[in-house]
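Now for the letters of each chain:
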Amino acid sequence: MLPIVNALRYVVPLREGGSLPGVMEADDEGTWVVKYRGAGQGVKVLVAEIIVAGLARALGIRVPDLKLVDMPEQIAKYEADEEVQDLLTASAGLNLGMDFLPGAFNYDGSTPPPPDEASAILWLDACVANIDRTPHNPNLLRWGKNLWAIDHGAALYFHHSWPSRAPDPARFAAARFDDSSHIMREFADDVSAVHERATAILSRELIARVLDDVPDEWLESTVDLPGPEAVRAMYVEHLVERLARPDAWMPRNA
Ligand SMILES: Nc1ncnc2c1ncn2[C@@H]1O[C@H](COP(=O)(O)OP(=O)(O)OP(=O)(O)O)[C@@H](O)[C@H]1O
Ligand SMILES: [Mg+2]
């Protein structure tokens, strides 16, 4: 599981974020962007954040460090904004923290990354079916010279149909990806080269280790998936099968 830190102080909400993430100070002297378990999107988006960040990191795509932020109920007491107070109250316990990158600004397209980096980001989003990286909503931060990828909660959408539909890795593996509005589309050059590299790196074992970062309590058991280990194994299966079907989803080289 990801390391746990204890929230000490709520600093400020990040109003640009639809889920109203907040900045918090924790007892590791760190400052964390916290995405709340009690937000309307539910904990599955936090699971997707952890998995996709883990895959991105393995591929050398920069993503902020992740930790779990344990929040006491009292932290809501001194918050004047009622909407924030409700969110904090509903989120006592474990939340997802991303290392706050001070002074980072949202990528505006003025200095695109080199083609290999653009290709890697496009490949990753196609593989995990992340539709949330468009000029309108880049979800890339520029921090110093470099780009950092954030906000992966929309990826791996298949889990939202659990438990009403039985898990079906082959179905996800074959799902197309529409890259027509992807922010890196025009800067990517060799997506197949990324695929070759990625399949060598993203072994079943590595993916399973990424799943170990997810806390048990965010992995909802269902009739088909009795217990957190079964849920983890099903995510691994979806990703392993997806990696074997680039014909279905991989964007063509420009
Ligand atoms: N690690 C970070 N360091 C600094 N700023 C950040 C960080 N993470 C997020 N932000 C800022 O907060 C904003 C919202 O973050 P994010 O996109 O992850 O939230 P969200 O609620 O999922 O947003 P959306 O409205 O796109 O669904 C970002 O656009 C960025 O400006
Ligand atoms: Mg966002």
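Just so you know, these numbers come straight off a predicted model, no measurement behind them.

Looking at the metal site, the magnesium ion (ligand 2) is ligated by Asn139 (OD1) and Asp151 (OD), spaced 2.1 to 2.2 Å from it. Remark: Asp151 occurs in the loop between strand S8 (146-149) and helix H4 (169-173) and Asn139 occurs in the loop between helix H3 (115-128) and strand S7 (140-143); sequence separation between them is 12 residues. Among the residues examined, Asn139 registers a relative accessible area of 8% and is labelled buried.

With that out of the way, let us pick up the layout of surface pockets. When its volume is computed, the largest pocket comes out at roughly 790 Å³. As for the largest pocket, its lining consists of 31 residues, of which Gly17, Pro21, Lys35, Ile150 and Asp151 are closest to the centre. Across the lining of the largest pocket, the residue classes break down as 17 nonpolar, eight polar and six charged. When residues of the lining of the largest pocket are sorted by domain, at least three fall in each of domain 1 (4-99) and domain 2 (105-249). The space that makes up the second largest pocket amounts to roughly 190 Å³. If you go around the second largest pocket, the residues you meet are Arg176, Phe177, Pro246, Asp247, Ala248, Trp249, Met250, Pro251 and Arg252. When its residues are assigned to classes, the lining of the second largest pocket shows six nonpolar, no polar and three charged.

Here we come to the domain arrangement of the protein. If you check the domain split of the protein, you get domain 1 (4-99) and domain 2 (105-249). Taken residue by residue, the interface counts 27 residues in domain 1 and 37 residues in domain 2. For the pairing of domain 1 and domain 2, the buried interface totals around 2800 Å² over both sides, and the portion due to carbon and sulfur atoms is 74%. Contact with domain 2 buries surface across domain 1, with Lys44, Leu59 and Arg62 losing the most and accounting together for 27% of the total. Along the contact surface separating domain 1 from domain 2 lie four salt bridges. For Arg37, the salt bridge is made with Glu217, and the minimal N-O distance between the two is 3.0 Å. Counting across the interface, domain 1 meets domain 2 through 10 residue pairs in polar contact (both at pLDDT 80 or more). Of all the secondary structure elements, the ones that give two or more residues to the side of domain 1 that touches domain 2 are helix H1 (44-58) and strand S5 (93-99).

Summarizing the sequence annotation, UniProt attributes the feature "domain: HipA-like kinase" (unreviewed entry) to residues 15-250 in the numbering used throughout. Annotated as 35% helix and 14% strand, the span residues 15-250 places its first and last C-alpha atoms 34 Å apart.

Let us look at the sheet that holds strand S1 (residues 4-13). Strand order in the closed barrel made by the five strands is S1-S2-S3-S5-S4, with mixed pairing throughout. Pairs of neighbouring strands in the sheet enclose a mean axial angle of 55 degrees, with direction left out of account. Pairing of strand S2 (residues 22-26) with strand S3 (residues 31-35), which is carried by four bridges, proceeds in the antiparallel orientation. Residue Glu25 lies in a different strand from S3, and its bridge partner there is Thr31.

This next bit is on the pattern of salt bridges. Tallied over the entire structure, the rule returns 15 salt bridges. The partner of Arg15 in a salt bridge is Asp81, with the nearest N and O atoms 2.8 Å apart. With Arg15 in the loop between S1 and S2 and Asp81 in the loop between strand S4 (66-71) and helix H2 (82-89), this residue pair connects regions lying 66 residues apart in the sequence. Assessed through its relative accessible area of 48%, Arg15 is described here as partly exposed. Here Arg185 makes a salt bridge to Asp179, at a shortest N to O gap of 3.5 Å. Among the residues examined, Arg185 registers a relative accessible area of 43% and is labelled partly exposed. Classification of Asp179 by relative accessible area gives buried; the value is 14%. When salt bridges that share partners are traced, they join Arg15, Asp81 and Glu83 into one network.

About the cut-offs
Residues numbered from 1 in each chain as written. Chains lettered and ligands numbered in written order. Predicted model: local features only at pLDDT ≥ 70, side-chain atom pairs only at ≥ 80, totals over all residues. Heavy atoms only, no water. Donors = N, O, S within 2.8 Å, 3.2 Å for Na, K, Ca; no water. Helix = DSSP H or I, 4+ residues; strand = E, 2+ residues; numbered from the N terminus. Buried < 20%, exposed > 50% of the residue type's maximum accessible area, 1.4 Å probe, protein only. 1 Å grid on protein atoms, 1.4 Å probe; cavity = no way out; pocket = protein on both sides within 12 Å on 5 of 7 lines; lining within 4 Å. Points joined across faces, edges and corners; volume = space filled by probe spheres on them. Nonpolar A, V, L, I, M, F, W, Y, C, P; charged D, E, K, R; others polar. Domains from an automatic or database assignment. Contact = heavy atoms within 4.5 Å. Buried area = accessible area lost by both parts, 1.4 Å probe. Salt bridge = Lys/Arg side-chain N within 4 Å of Asp/Glu carboxyl O. Polar contact = N/O pair within 3.5 Å; in protein donor to acceptor, adjacent residues only side chain to side chain. UniProt positions renumbered as here; feature names shortened; annotations may be inferred. Pairing = 2+ DSSP bridges. Axes fitted to C-alpha atoms, helices over the stretch in contact; angles between N-to-C directions.

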